[in-house]
Amino acid sequence: MSDALEKRIKKHIIGKPHRFLAVSPLGFEQTLSRELDCILGDNATEQPHSTGDGKVEFTTKLTEAWKVVAVSRIANRVLMEVANFRAENFRELEKKASEIPWELYLDRNVILSKAKGPVKSGNALNIHVTCKHSRLYHSDAIAERLYKIIEEGVSVPLAPADTASATPSAGTPRNAPSQNENRSIQQNLYVNFLDDRCTIWLDLAGEELYKRGFKRFVNDAPLKETIASAMIFEALNVSPEQSPAPPYTILDLMSGSGTFSLEAACIANKIIPGTCRDFALKHQPAFKEATWNFITRSASQSDAKSNTSTFVTLNEVKGPVKPRNATKHPIIAKIITSDISERAVSIIKHNIECSPLAQIAPNKTTPTISPQLRDFFSYSAKEIADACGDTSPILVLNPPYGKRLDFDAPKLYTQIGKKLTELAHDLHNLGKTITVAILAPKDDTRDGAKYTCTANLLRECPALSPEQTQTAKVIQTSHGGFSLNAFFATI
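If you're wondering where the values come from, they're calculated on a predicted model, not measured in any experiment. (Residues numbered from 1 in each chain as written. Predicted model: local features only at pLDDT ≥ 70, side-chain atom pairs only at ≥ 80, totals over all residues. Heavy atoms only, no water.)

Describing the packing of aromatic side chains
Item 1. The tally for this structure, following the rule as stated, stands at five aromatic pairs.
Item 2. Seen from their ring centres, F20 and F58 are 5.5 Å apart, and the 20° between their planes marks the pair as stacked. Taken together, the residues span a long stretch of sequence, with F20 in strand β1 (residues 17–23) and F58 in strand β3 (residues 55–61) at a distance of 38 residues. Judged on exposure class, the residue F20 and its partner F58 are both buried.
Item 3. Three or more aromatic residues joined by ring pairs make a cluster, and in this case those are W66, F279, F287 and W292.
Item 4. Sitting above the plane of the Y379 ring, R374 keeps its charged end 4.1 Å from the centroid. (Phe/Tyr/Trp six-rings, centres within 6.5 Å; stacked < 30°, edge-to-face > 60°. Helix = DSSP H or I, 4+ residues; strand = E, 2+ residues; numbered from the N terminus. Buried < 20%, exposed > 50% of the residue type's maximum accessible area, 1.4 Å probe, protein only. Lys NZ or Arg CZ within 6 Å of the ring centre and 35° of its normal.)

Structural data, given as structure tokens:
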């Protein structure tokens, strides 16, 4: 890189605040806003705020956005605004796009590909275009013109049309790293036309951030890590305030692939998501390895000066992160994991061995995961109370998709509702409450429809409903193409 280019990058990219867009799981925009507020603190020029479904915007410097990419457990993507201009025709689009100094955003080694549809080459720049209420509505034609302009601006050759695909094979586990270690990470541009106004965003993440970077096998219909962390965060927030607040025990008793348990263990052990994978930002001209190493090293440092339990936020950040009005929670002291399926228990054990958690030996200060073969419905309130001890229980449930989508799904949710009511009643007699975070599919509201999972759950456990419990909360979200309700309540 020439000195002149480096000076321009420092002045225009690193030195100035920029507008950023963080993409959250649908419905968890406010959850992500609170997490970003903790991460950025006073370093945000404009505080994080929701701007639509799954969208949270904030303004800060680029290195602070790197921190978000490394640390956030809830964001699926982090995008940096490159340009914002009005274009009613292709001539205006080409003129404005040609004025963008692309060499400040994209490395010369980026190979552009004009293949139809989402480009899957590991060396490709992918341009994703959406148009709404605009005179320019042909997304392929817009992408074609931008490819040509960027090619000229960055001075790189076009990739051949038959570029090999980097799509993982059918047997590749989720989160597995690329099989070709020498292959560059994908760069993504997101181009949004709305009411004749064009906004161009540069992706800092590469692959979606729910992919934590270690090889992970999954059971049927696995929950995304970002949703799991968002639900844990909400469950912590809905728990009754006590002074001093007690530690928590996470009860993951329908664990499946163990996503809840793995995320909870990483939170408790201060393992940040950005330590195990590559990011698109590392292959962009502004990237400084020393700055990145300082961010990740500082963020993952534990409080070595204290041997006692400390209060922590969801993102578990120290060092350069300066929380502003951060809501603090006690540490997660224990994690109890079980599933009725032997296959699920084996998958969880494998996932632990392939994650950074494998390096943490069982001890009395930080929780580890020991999955058990056990039916959720076999647990008694006394067993839960004894296992939790002085900690407060948080039960997280993502009932199996096979059951949820089968004809007997309403029956399953009826049984779950009855079990929750029973546990809450018996725990109350033992002097304890339990906080529940559970996903339930939305009901089919058509006349005569029998798919009433949510209705059955609330009928048997009305304490989950905000109408019955003042502190209860419901978030409408989606996963795997299905509309879901996420319920949070202390019952």
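Don't stop here, the text continues.
Section: the nonpolar core
Item 1. Formed by 96 residues in total, the largest nonpolar core has its most connected members in W102, Y105, I127, I200, L204 and F488.
Item 2. Broken down by element, the residue count for this core peaks at nine residues, all from helix α6 (residues 225–238).
Item 3. With sequence-adjacent residues up to four places away left out, L204 is seen in contact with F20, L62, A65, V69, V78, M80, F279, A280, L281 and Q284.
Item 4. Of all hydrophobic cores here, the second largest spans 32 residues; its members include I384, C453, C461 and I491. (Core = buried A, V, L, I, M, F, W, Y, C linked by side-chain atoms within 4.5 Å. Contact = heavy atoms within 4.5 Å.)

Things to note about unusual backbone geometry
Item 1. The backbone of H133 sits at a positive phi, close to 55°, despite the residue not being glycine.
Item 2. Along the chain, the position of H133 falls in the loop between β6 (124–132) and α5 (139–154).
Item 3. Unusually for a residue other than glycine, D196 sits at a positive phi of about 70°.
Item 4. Considering the arrangement of structural elements, one finds D196 in the loop between β7 (187–194) and β8 (197–203).

A few points about helix α8 (residues 289–300)
Turn by turn, an α-helix covers 3.6 residues, leaving residues three or four places apart pointing in a common direction.
Item 1. Here α8 is 12 residues long and its end C-alpha atoms lie 16 Å apart, about the 16 Å a rise of 1.5 Å per residue gives.
Item 2. What α8 keeps buried is the set W292, I295, T296, S298 and A299. (Expected span 1.5 Å × (residues − 1).)

Details of the packing of helix α3 (residues 62–71) against α8
Item 1. For the pair α3 and α8, the least separation of the axes is 10 Å and the interaxial angle reads 50°. The angle between α3 and α8 falls in the class oblique. Judged by the sense of rotation from one axis to the other, the crossing of α3 with α8 is right-handed. For the pair formed by α3 and α8, the contact residues are T63, W66, K67, A70 and V71 on the first element and T291, W292, I295, T296 and A299 on the second. (Axes fitted to C-alpha atoms, helices over the stretch in contact; angles between N-to-C directions. Parallel < 35°, antiparallel > 145°, perpendicular 65-115°, else oblique. Left-handed = near helix turned anticlockwise from the far one by under 90°.)

A word on the pattern of salt bridges
Item 1. Scanning the model with the defined rule gives 20 salt bridges in all.
Item 2. A salt bridge links R19 to E57; the shortest N-O distance between them is 2.8 Å. Of this pair, R19 sits in strand β1 while E57 sits in strand β3, and the two are 38 residues apart along the sequence.
Item 3. The partly exposed category is assigned to R19, whose relative accessible area is 27%.
Item 4. Its salt-bridge partner being E94, residue R145 comes within 3.2 Å of it at the nearest N-O pair. Linking R145 in helix α5 with E94 in helix α4 (residues 90–98), this pair joins segments that are 51 residues apart in sequence.
Item 5. Note on R145: relative accessible area 28%, which makes it partly exposed.
Item 6. Salt bridges sharing partners connect three or more residues here, namely R86, E88, R135 and D196. (Salt bridge = Lys/Arg side-chain N within 4 Å of Asp/Glu carboxyl O.)

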